Amino acid sequence: MTAARYTRVAIGLHWAIAAAIFCTFALGLYMADLPPSPTKLKLYAYHKWIGVTIFVLVLARIGWRLAHPAPALPPMPAWQRAATRASHALLYLLTLAVPVAGWLFSSASGFQTVYLGVLPIPDLVGRDKAAADMFKAAHWYLNLTMVCVVVLHAGAALKHHFVDRDDVLARMIPLLKPRSPGK
Amino acid sequence: MTFRLMLAAVLALASMQAHAEAIDPQRSEIRFVSRQMGVPIDGNFARLSGSVRFDPGNLDGARAEIQVSLGSIDAGSDEATAEVKRRPWFNVSGFPSAKFRATGARRIGDNRYEATGELVIKGIRRALTVPFTVKRAEDATVFEGGFTLLRLDFGIGEGVWSDTETVANEVEVRFRLVQPDRA
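What counts as what
- Residues numbered from 1 in each chain as written.
- Chains lettered and ligands numbered in written order.
- Predicted model: local features only at pLDDT ≥ 70, side-chain atom pairs only at ≥ 80, totals over all residues.
- Heavy atoms only, no water.
- Helix = DSSP H or I, 4+ residues; strand = E, 2+ residues; numbered from the N terminus.
- Contact = heavy atoms within 4.5 Å.
- Core = buried A, V, L, I, M, F, W, Y, C linked by side-chain atoms within 4.5 Å.
- Buried < 20%, exposed > 50% of the residue type's maximum accessible area, 1.4 Å probe, protein only.
- Salt bridge = Lys/Arg side-chain N within 4 Å of Asp/Glu carboxyl O.
- Pairing = 2+ DSSP bridges.
- Expected span 1.5 Å × (residues − 1).

### So, the environment of B:Phe175
Residues and elements named next belong to chain B. With respect to the element layout, Phe175 can be found in strand 11 (residues 170–180). Spatially, the C-alpha atoms of Phe175 and Gly146 are 5.9 Å apart, while their sequence positions differ by 29 residues. Apart from residues lying up to four places away in sequence, Phe175 is in contact with Glu29, Ile30, Val130, Pro131, Phe132, Phe143, Glu144, Gly145 and Gly146.

Written as structure tokens, this is what we have:
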């Protein structure tokens, strides 16, 4: 019933979202302390556009996942299965919450988000300094939490591949040959 | 202050009073919408003053003199407000105020007029034609109108900031001048 590997779509979405998060995370760290300049305004816009893109891709991914169950995990202790479920759920949640917090931070700071410079996304909150500070902190700490979970997620995948030598990582990387074909 | 100077000041004030009625700075407003990376951003100037003389029967004799305190700007966010007071933008310390002086008006429609005059910002003078309407409030005459200001005409945003892809050249300005009836 369940395939040994995630579907092509799921794999494509996973890596596209991962790459986008990596880029916009680095961009966010870099741009925040720049002095005012046209470059800074551009980078902020790109950062927000990537964030909106990630949000939409994550929604698409969740929808896809609901219709296409994840492939079965190889045998492993129950606590590891529980940890897998929890960390995956947390990743879905954080990859939605981080852009939402960023969007609210932007609105509260007085900047509407206009996707690609053409599609205005309505402001849920108006300009408000106290709210902006709160959403800024939320954006930052949600990001820090996400970094921790991503490190755990990638670390676990590598541990399964190189230490347990099972097919967990191969489920998400088409180039890796499954070690126990057919399961 | 010498007596002669005081006399001159009193006479000047008296002659102004004879020609035009002061607008109420508290009830009058100037708002604008700038655009950066496609994002419309509302702003306003909190402090303005001046006088208007307007008689629909004597449009050639229409006069207005409006002063806007540029330091009272709110550019839509704390960062932008701090930035636009600096040298490349309004250079508020060098040019504290903007002036509009109208020297005539003409009818362009049903209760629609056009004031012709001169706008001075940062020492740069440009002819300006401003459409407006005249309304009666309970205790005042209200002049409302707007125009598109091309910021680069006045050197607002010089150097790297003259890039209009990040910050649009066009700024939509709306004003509402409330002239209380003489007590």
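### Quick word on the environment of A:Arg165
Positionally, A:Arg165 belongs in the segment after helix 4 (129–164). Counting along the chain gives 100 residues from A:Arg165 to A:Arg65, while the straight-line C-alpha distance between them is 26 Å.

### Quick word on the nonpolar core
Grouped together as the largest cluster of nonpolar side chains are 47 residues, with contacts concentrated most on B:Phe54, B:Phe90, B:Ile121 and B:Phe132. Among residues more than four places away in sequence, those in contact with B:Phe132 are B:Phe54, B:Ala105, B:Asn111, B:Arg112, B:Tyr113, B:Glu114, B:Ala115, B:Phe143, B:Glu144, B:Gly145 and B:Phe175.

### Examining the pattern of salt bridges
Summed over all chains, the structure comprises 16 salt bridges over all chains. In this structure, B:Glu65 and B:Arg101 form a salt bridge, with 3.4 Å as the shortest nitrogen-oxygen distance. Of the two residues, B:Glu65 sits in strand 5 (residues 63–69) while B:Arg101 sits in strand 7 (residues 97–109), which places them 36 residues apart along the sequence. Using a relative accessible area of 32% as the deciding quantity, one classes B:Glu65 as partly exposed. For B:Arg86, the salt bridge goes to B:Glu83, with nearest N and O atoms at 2.5 Å. Looking at B:Glu83, the relative accessible area reads 9%, which means it is buried. When salt bridges with common partners are traced through the structure, they connect A:Arg127, B:Asp74 and B:Asp78 into a single cluster.

### Quick word on the pairing of strand 10 (residues 140–150) of chain B
Residue and element names in this part refer to chain B. Within strand 10, nine of the 11 residues are buried, which leaves it mostly tucked inside the rest of the structure. In sequence, strand 9 (residues 124–136) turns back onto strand 10 through a hairpin of three residues. Pairing between strand 10 and strand 11: 11 bridges, direction antiparallel. Along strand 11, the bridge assignment pairs Leu150 with Glu170.

### Observations regarding helix 3 (residues 78–108) of chain A
Compared with the 45 Å implied by 1.5 Å per residue over 31 residues, the 44 Å span of helix 3 of chain A between its first and last C-alpha is a close match. Of the residues flanking the end of helix 3 of chain A, it is A:Gly110, one or two places downstream, whose phi is positive at about 105 degrees.

Interpretation in functional terms is not warranted from these geometric data alone.
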